[in-house]
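A structural walkthrough
Chain residues, written in single-letter form:
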Amino acid sequence: HDCTMGAAWLDRPMTNVILMGVAFLTVLTAFQTSSFYQASILEDLGYGSLGFYSLSLLYAFFAVFNFIAPYVISVVGLRTCMAMGAFLYFLMMASLIEIVPAVFLVASALNGVGAALFWTAQGSAITNCSSASTRGRNTGIFWGITQCSLLMGATASLIVIKTPTSSEAISAGTARLLYIVLAAICFVGVCFVFTLRDLGVAEEPKPILRSVRETFAMVGDRDMVLICLLILYSGMELSFWQAQYPHIVGGKETRISLDPDTFTPQCISYLLLVVGVAEISGSILLGKLSDRVGRWPVVLFAGFLQGVAYILIYVNLVKQAMTPSLPLAFICGFMLGFADSVYNTQVFSILGALFSQRSAPAFALNFTAKAIAAAAAFYYSPHLDIPYQLLLLGAMLVLGTAAFVWTDLYTVRPRASEAHSLINADTKDAPSYT
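A brief report on the enclosed structure follows. (Residues numbered from 1 in each chain as written. Predicted model: local features only at pLDDT ≥ 70, side-chain atom pairs only at ≥ 80, totals over all residues. Heavy atoms only, no water.)

**Section: the side chain of Q306**
Within the element layout of this structure, Q306 appears in helix α12 (residues 295–318). Q306 gets classed as buried once you look at its relative accessible area, which sits at 0%. At a separation of 2.3 Å, a polar atom in the side chain of Q306 contacts the side chain of Y233. The residues touching Q306, leaving out its near neighbours within four places in the chain, are Y233, E237, M335, L336, A339, D340, Y343 and L397. (Helix = DSSP H or I, 4+ residues; strand = E, 2+ residues; numbered from the N terminus. Buried < 20%, exposed > 50% of the residue type's maximum accessible area, 1.4 Å probe, protein only. Polar contact = N/O pair within 3.5 Å; in protein donor to acceptor, adjacent residues only side chain to side chain. Contact = heavy atoms within 4.5 Å.)

**With respect to the packing of helix α13 (residues 326–354) against helix α14 (residues 359–380)**
Between α13 and α14, the shortest axis-to-axis distance is 10 Å and the interhelical angle comes to 145°. Note on packing geometry: the crossing formed by α13 with α14 is right-handed. Counting all contacts with α13, which are made through N344, V347, F348, L351 and G352, the residues of α14 involved are A362, F363, N366, F367 and K370. Here the contact of α13 with α14 is composed, by residue class, of six nonpolar, three polar and one charged. (Axes fitted to C-alpha atoms, helices over the stretch in contact; angles between N-to-C directions. Left-handed = near helix turned anticlockwise from the far one by under 90°. Nonpolar A, V, L, I, M, F, W, Y, C, P; charged D, E, K, R; others polar.)

**Considering helix α10 (residues 222–249)**
Because an α-helix completes one turn every 3.6 residues, residues spaced three or four positions apart along the sequence face the same direction. If you check α10, its first and last C-alpha atoms are 39 Å apart, about what 28 residues at 1.5 Å a residue would give, namely 40 Å. Of all bends in α10, the biggest is about 40°, found at W241. With respect to burial, α10 is a largely interior element, 24 of its 28 residues being buried. Measuring from the side-chain oxygen of the N-cap residue of α10 to the backbone nitrogen of D223 gives 2.9 Å; that N-cap residue is D221. Of the residues trailing α10, G251 is marked for its positive phi of about 75°. (Expected span 1.5 Å × (residues − 1). Bend = angle between axes of the 7 residues up to and from the residue.)

**Let's talk about the packing of aromatic side chains**
Considering all chains together, one arrives at 20 aromatic pairs under this definition. Measuring from centroid to centroid gives 5.8 Å for W119 and W143, while their planes differ by 15°, and the two rings are stacked. Highlighted residues: W119 in helix α5 (residues 101–128) and W143 in helix α6 (residues 135–146), separated in sequence by 24 residues. With a relative accessible area of 25%, W119 lands in the partly exposed category. For W143, a relative accessible area of 37% translates into the label partly exposed. By way of ring pairs, the aromatic residues F24, F31, Y89, F118, W119, F142 and W143 are connected into one cluster. (Phe/Tyr/Trp six-rings, centres within 6.5 Å; stacked < 30°, edge-to-face > 60°.)

In structure tokens, the structure reads:
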């Protein structure tokens, strides 16, 4: 059955896109909220840095299984794979209701496997449910629904978390209630996957070893190496705003002394809300801006925003050159989220322009490199002092941004100009029949 058939606006393909968006919205509401809170909750419950190690393990397994997911999808189908992926997210949420560290770490690793299945299947399903004329619309609708996950998660956690001061530990009962709610929300997402119909079939995958070989062969390409600097940075900054920064703002980072009555666990929910608004507004505003001015000015602006945010975080919360300000901490969170919304879209855009004939290995390396960087950053977060984390982020930000700008200006644009000149020359030399 062709998934692109149907004349009405709300035909089966459009229905699938909306239902898929709702499925991802609910699953990511649970996952994003858990990511923001689990480092603080597990530390309060006496499990030390288990929350950071869990996320490190998750992203490491995602990086590895990224190569295997296409084969699983080709065997069991898109909907089944998406359902398996969503269920493995649910399994991790459920493992936090009654914590057994070994079980929780296994569930985290399985969540990494599930994430690879979930996202790879989603990419194929959106493609199958779109024609050339509806691809942009369908992708926009899907991401528009999905990006509300941070806002939904903030609302859910604000209702549950009532701890009035960071000097008071988040109780086991509160943590259990939060993860029961998140597991229930995630399970709704699993159910929504089963409402999908006529998703078509995934492309026949290449042999695994050939896929791995082609992907890592991209490392020998100078342009890919330069873009990889920004990809690696995007993985590192993801881990910072998703786990380390909420840990600080919630007053649970023991290496920084903040007023426990101002920086409370509920502040993590407000930060989640702020970052959610920033991600949505950044996607809309900077996406339109990049269409007008190009890729490199937008990435440069995003880099400037995050650079200023790191400096303000150091001055406000780490060095405490003044009385630590919660509103300023939220402003920094907004700047981090607003700039973060740029990296995925602009990296995808430049990879498509540079490697149109080798897009599959280029995008595979993008996902793998970002996941490896995130896994490493989640792992070192409990061990590396905050000033050094900010210094490392700042250094990688400068390197990644400079490499991206250089590549866009001196490789992509000259190629585009050359192609445009060739087209004009061919048009001029074409015989006239008038």
